[in-house]
Every structure is written in structure tokens, then in C-alpha cells.
Amino acid sequence: MSVKNYTLRELMACVAAKQLEDEKAVAVGTGLPLVATMLAQQTHAPNLLIIFEAGGIAPQLPTLPISVGDSRTIHKALCTTTLIDIMDTIRRGYVDYAFLGGAQIDKYGNLNSTMIGDNYEKPKVRFPGSGGANDFGSLAWETLIIMDRHGPRRFVEKVDFITTPGYLYGPGAREEEGLSENTGPSRVITDLCLFDFEPETKRMRLIACHPGITTEDVIKATGFEILIADEVGTTDPPTKEELRLLHEVIDPLGFVFKK
Amino acid sequence: MEMKILKEGSGEIFCKNTPAEVRKWTRENKSRALKDKRMRLKDAVKKFIKDGDYLAIGGFGHIRVPMATIYEIVRQKIKDLSVAGHTAVQDIDVLMAGGCVKNVDIAYVVGFELRGLSGVQRRLFENGQVKKTDYTNGAMSYRLRAGAQGIPFIPVKVMLGTDTMMHSPGKVVKCPFTGEKVLLLPSLNPDVCIIHAHRADMYGNVQIDGHIVKDDLQARASKRVIVTCEELVDTEVIRADPGKTVIPFYMVDAVTEHPWGSHPGNMPYKYYFDHEFTEDYLAAGRNKDPKVLKNWLDEWIYNINDFYEYLEKLGARRLYTLRDVEFLRPPVRGS
């Protein structure tokens, strides 16, 4: 067996990029979702409609933005607008994917990016909060989620705080609470594997492992019981070209892929 | 028929202004005259920002943020502010480091996006020293839209079913027309709003290049508006392209020209982030020894008189290099 010439984090970014179809629309959050979106635009999805909550619409991303509102997010854009106009656009049904990350996730795809601990007034760790994540996850058709450092402290039975809605407490819960039908998380991409959500139970289901990772590895790294597809596939390793784009074009300063 | 509340959050409402009061106040206090509103930033902050005010900040946390005004607020040691944390990054961080903030409506705080978390904000939020209510970026914009529209609340389709909602003051009701569940949020009319723009004239007609974020709504919802701009232009420039005017003069109370006024933030089409400056600042805030942050504040805020001295300390070469980075060109400058 040859020595791997890529990291699992790089592989995760490449697998995540492939979840975005060309000529669809994505509202993208900061960090790894941004890396994957940019990689998709540079490879198979040149006509992916990318929108940013700060008001950038359809930019040609020249290099990785540090913020979802910086100059790079409006580089050669077709429109610049307001945050509320972006939220209206998603609510009106134009946006296929919300693309998000978080600190914790549960089996229904509920995301926590607010706090760790059980005391809201004095949390152990305070994270940023929703930003636009709850808006995106409430309003877009599908939510794609990237979680790195896949482990039992991040994949938990119950998140400390539901910042952004997944399927909440099970089938029908989103509709019951007032969110639109036929919405919710569709994929979770981690540094070990790829999940979808089983249609009946709305629970996270393993559909593919990264090369060298076994179903056992995923079960051990996950703090809740996962469903397992009848056939668990293997994801494609990154190509040389994808790795070159990640390091030379997208993140030359090593913000995400530390040097 | 009284509306039935199906579920409600426990979040405190920090801004007490109501649209009805603000409307009355506007009649008495806001001039509709075309008059010269230029003043020194020091005077504008002194005149229009009071201890305990509710402050809204333009831009997007570290993009087109009114940093010159933020530094001046810290320098004048204004206290007990409530702040709209509508993606709040370096703007709110410096205010919190300077001890100016008592309450925050949080949509996004603590994070510097790809640069990681802030030590200053983590400390103050984790020990409960600064009070908070959680919202989302969309929610804060919807609240401002209601404030701008002059209505006391607004129905929205976000936050439903989540802890974010349970820690907001939102209330879930059924729509009286369709029966679907919606979340009601209180409107927001800040006491004062600070904005950094690309250009303005002496009367306060303001133009912004690129994305507006929420500055249009904030100016419309707020009682007072303080504007700094990269360039003060003749009114003929405004009249030549009035469709670009995001904020008309009658909303604005003070105008100051402050080129580089968003440093170390990114001013689209002008200059990119001063990455090193922000990393140094973040390192000072993360340092366990509070003296390190105090020294930073002394050096860059307290021991200098104004934003001109700040720019002099940075120097022309450093500033102009940020223009090269903005335009994605290799810097070729100087000796």
C-alpha cells in the first residue's frame, strides 16, 4: 500500500465540495464550508450560485475569504446587497443548500455553535452563536454540514444548545415547530466519513467511509447510535489537482490547512 | 380576539425605545435642513453617545467597521453600552476590551471567523460579566426592519424550535390569516448608530460601494447616526448619482472624513485587512496577563489623541501595502 499523500482534513474538503451540484445555489458559512465551496467553484461547479450573508451574490472567489463578508466575497460579483435581502432570497426558495459547520452535532443533525456547558449564564466555553447559521438552516432547502475532528465529544447524544435546527426531535418536528416542510440536513461530511439522513427516522446514517477508515472506527468516534446503510461505500481520495488548488489557490496562507 | 402565545423565550430586551416614541422624538429632534454637519469625531462622540445608550455598528464585524469611532468611544471611556452584536468581531471586541459594554444582543460574537476565538470576549461572556440575549443575524436585521418601518414587532420564520429562540425574547403564535406558526420578534430602534462609508457630503448624504450589509436599515431605525467616510465629496457628486445614496442627509447627525477609518478592518475596494495588526491585538487579548492587553490599549488608544496619531504610528508604507493586498497585486513600494 502506498503512503497517503493527503490528510483526512484535505480529503474531507474534497468530499464536501462534491456534494455541491453545478447550477444550484448555496448560502455558505465561514471556515471549512467556504473552502469546500471555493473548491467546487474551481472544479466541477463553475456555475454554482454562491451567496454570502453579508450581501455578496455570485462572486468569482479569487482566494479564500477570511470572513463571509470580506472583499473576496464580492470579487467580480454580479450583485451586492444587504443581509436581509440574502435572508429573503433564501426564504423565497431560491437557495438549495445551506453549508454550515459547528462545534457539536446530534443524531438529528441539530447543530451547536453557541456554548459548551449546562449553564447559559456561565458557559464553560462561549462560541460565536448563530451568526447566519440558524437563518440558513431554517430557510434553505437542504443543509450540508462539515464537522472535522469527528469524535464522541463533538458527535453527541444531546447537544448542549441547539443553535441551528436539524430535524430537532425527529420526523415531523420541523413542521410542528413552524419550519417549512421538505427542508433539513441532507449530508454530514466528517474527517472519517460521509453521512446522510434516513428518510423515515430522520436519523444520521453512514453511507461512505474515507479510504482506510472502517465502519467500526466511525461507530467508536460517534457518541450516539448511528444507522448504517446496506452498502457502505468508500469516498474518492483527492486528486493531485484538488490538492494543488487547496494549497496554492484557495488557502496559500494556510488559514485552514495549517502549514 | 387575543393572540395565543404558544411558546416564548426568556431573553431580555435591552433596547427600550419603542417605534411610537421614536417617531415623536424624530419630529422634535431631527433637522430636515440641508446643513453642514461636519465635526471632529471627538465632538460627535461626546455630543451624541451617552453612557447606557444602545449602539448599532455598521459593516460586518471586521469589514467596513467604523473603527475610528470605536477607538474614540473607548478613549472617552463611555460606559454601560448595550450593543447590537449583528456579526460583531473586532468592533465589539475593542469596545469590550475598553470596558464600555454592559449588554449584548448576540447574533455572532466571540469569533474572528477564520482567525479563531477572542480571549477578551470569552472571558467577559463566560464569567457572566456582560449580559446577553441570543438572536441570529437574520433576526437582528428583521428587528431593525420593524424599527425602520415603525412597527413594534415582526413575524419571522427563523429560530423556530431551537434554543436560540428560547434564549431570545421571541414569542411563537399562529398566523391569524393562514394558521401557520410564526415567531414574533420585538422591533429595534437603537439610540445611536455608527457607520463608516466610502463617501459622504457635508450634509450627510452617504454612499457605500459594494455590499450594504445592514447599514441602510440601521440608519433608518436609529435615533442618531454618526458617519465617518473615506472621502468627503462635493454634493454635486451625490446629485450626479443619487441612486447610490444609501442614507439620505436627514438621518445623519455628524459627518467626519477619516481615510483608513476602518483599519485594521477591510474596506472593500480600498484596503484589505491588516492581518498582522489584528493577530497582535488578538494575542494581547488572549494573554493570561491582563497587563499585555492594557499596554495594547494604552499604545493604540489611550496614549494618543486621535485617529490621525494612530495613522502616523502605522505609517504610510504599511497602510498603502494594504491597498496592494486588496487589489490582489504584489506590493512594489518604496526604497
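On a predicted model such as this, the values are computed, not experimentally measured, just so you know.

Chemist: Can you help me understand the overall build of chain B in this one?
Modeler: Of the regular secondary structure elements, chain B holds 13 helices and 13 strands. For chain B, whose C-alpha radius of gyration is 20 Å, the value lies close to the compact-globule estimate of 20 Å for 335 residues. Expressed as lengths along the three principal axes of its C-alpha atoms, the size of chain B is roughly 75 × 50 × 35 Å. Burial statistics for chain B: of 335 residues in total, 52% are counted as buried. Long-range pairs, those at least 24 residues apart, make up 76% of the contacts in chain B between residues at least 6 apart in sequence.

Chemist: Help me understand the sheet that holds strand β7 (residues 171–174) of chain B in this model?
Modeler: Neighbouring strands of a sheet are bound in pairs by backbone hydrogen bonds; such pairs are parallel or else antiparallel. Residue and element names in this part refer to chain B. Strands sit in the order β1-β7-β8-β6 across an open sheet of four strands; the sheet is antiparallel. In the strand order of this sheet, the two ends are held by β1 (7–8) and β6 (153–156), each with one partner. Each of β6 and β8 (181–186) is contacted by helix α6 (residues 137–149), which is oriented at about 140° to β6, the strand it contacts most.

Chemist: Teacher, can you tell me more about the environment of Val101 of chain B here?
Modeler: All names here are of chain B. Along the chain, Val101 falls in strand β4 (residues 101–106). Placed 121 residues apart in sequence, Val101 and Ser222 show a C-alpha to C-alpha distance of 18 Å. Other than its neighbours up to four places away in sequence, Val101 contacts Leu81, Val83, Ile92, Leu95, Met96 and Val130.

Chemist: Please explain the environment of Phe177 of chain B as it appears in this structure.
Modeler: With respect to the element layout, Phe177 of chain B can be found in the loop between β7 and β8. Note: C-alpha distance between Phe177 of chain B and Gly119 of chain B (58 residues apart in sequence) is 48 Å.

Chemist: Any chance you could explain the packing of helix α1 (residues 8–18) of chain A against helix α2 (residues 32–42) of chain A here in plain terms?
Modeler: To characterise two packed helices, one gives the angle between the axes of the helices and the distance between these axes. All names here are of chain A. Packing of α1 against α2 leaves a shortest axis separation of 8 Å and a crossing angle of 60°. Between α1 and α2, the angle is such that the two are oblique. Between α1 and α2 the crossing geometry is right-handed. On α2, the residues that touch Ala13, Cys14, Ala16 and Ala17 of α1 are Leu32, Val35, Ala36, Leu39 and Ala40. Taken together, the residues that form the contact of α1 with α2 break down as nine nonpolar, no polar and no charged.

Chemist: Looking at this structure, how should I read the nonpolar core?
Modeler: In globular proteins that are soluble, nonpolar side chains generally tend to be buried together. Counting residues in hydrophobic clusters, the biggest one holds 170 residues, and the most contacted among them are Ala13, Ala27 and Leu39 of chain A together with Leu95 and Val227 of chain B. Each residue touching Ala27 of chain A, except ones within four places of it in the same chain, is listed here: Ile51, Glu53, Ile90, Val95, Ala98, Phe99, Phe136 and Ala140 of chain A.

Chemist: Is there a simple way to explain unusual backbone geometry in this structure?
Modeler: The bulk of non-glycine residues show a negative phi, and the bulk of peptide bonds are trans. All names here are of chain B. Each neighbour pair has its own omega, and for His263 with Pro264 the value is 5°, a cis peptide bond. Looking at the secondary structure, you find Pro264 in the loop between β13 (254–257) and α10 (275–286). Phi is positive for Trp260, which is not a glycine, with a value near 70°. Following the sequence through the fold, Trp260 ends up in the loop between β13 and α10. Take Trp260: there are 23 C-beta atoms within 10 Å of it, and that puts it in the buried class. A positive phi angle is found at Tyr269, which is not glycine, with a value near 70°. Position of Tyr269 relative to the elements: it lies in the loop between β13 and α10.

Chemist: Is there a simple way to think about the interface of chain B and chain A in this case?
Modeler: Reports often express the size of an interface as the amount of accessible area lost when the parts come together. Listed by partner, the interface residues are 52 residues for chain B and 49 residues for chain A. Of all elements in the fold, only α5 (119–126), α6, α7 (163–166), β8 and α8 (215–221) of chain B reach the threshold of two or more residues within the side of chain B that touches chain A. Considering each element in turn, the side of chain B that touches chain A owes the most residues, five residues, to α6 of chain B. Grouping the amino acids of the side of chain B that touches chain A by side-chain chemistry returns 22 nonpolar, 17 polar and 13 charged.

Chemist: What's the story with the confidence of the model for chain B in this structure? I'm lost.
Modeler: Close reading of the predicted structure is inappropriate where its pLDDT is low. Put simply, chain B has an average pLDDT of 97, and 99% of its residues get 70 or more. Reported confidences for the modelled complex are a pTM of 0.97 and an ipTM of 0.97.

Chemist: Help me understand the packing of helix α4 (residues 90–97) of chain B against α5 of chain B, please; the structure alone is not making it clear to me.
Modeler: Residues and elements named next belong to chain B. Closest axis-to-axis distance for the α4/α5 pair is 9 Å, and the angle between their directions is 65°. With respect to the hand of their crossing, α4 and α5 are arranged in left-handed fashion. Seen from α4, the contacting residues are Asp93, Met96 and Ala97; seen from α5, they are Val120, Gln121 and Leu124. Grouping the amino acids of the contact of α4 with α5 by side-chain chemistry returns four nonpolar, one polar and one charged.

Chemist: Any chance you could explain α2 of chain A here in plain terms?
Modeler: It helps to recall that an α-helix has 3.6 residues per turn; residues three or four apart then point in one direction. Residues and elements named next belong to chain A. Burial runs high along α2: 10 of the 11 residues are buried. Looking at α2, one finds that the buried residues are Leu32, Pro33, Leu34, Val35, Ala36, Thr37, Met38, Leu39, Ala40 and Gln41. Tucked inside the fold, the buried residues of α2 contact α1, β1 (25–28), β2 (49–51), β5 (97–100), β10 (142–147) and α7 (240–250).

The rules behind these values
- Residues numbered from 1 in each chain as written.
- Chains lettered and ligands numbered in written order.
- Predicted model: local features only at pLDDT ≥ 70, side-chain atom pairs only at ≥ 80, totals over all residues.
- Helix = DSSP H or I, 4+ residues; strand = E, 2+ residues; numbered from the N terminus.
- Rg over C-alpha atoms; globule rule 2.2 N^0.38 Å.
- Buried ≥ 20, exposed ≤ 12 C-beta atoms within 10 Å, placed from the backbone.
- Contact = placed C-beta atoms within 7 Å.
- Pairing = 2+ DSSP bridges.
- Axes fitted to C-alpha atoms, helices over the stretch in contact; angles between N-to-C directions.
- Parallel < 35°, antiparallel > 145°, perpendicular 65-115°, else oblique.
- Left-handed = near helix turned anticlockwise from the far one by under 90°.
- Nonpolar A, V, L, I, M, F, W, Y, C, P; charged D, E, K, R; others polar.
- Core = buried A, V, L, I, M, F, W, Y, C linked by C-beta atoms within 7 Å.
- pLDDT = per-residue confidence, 0-100.

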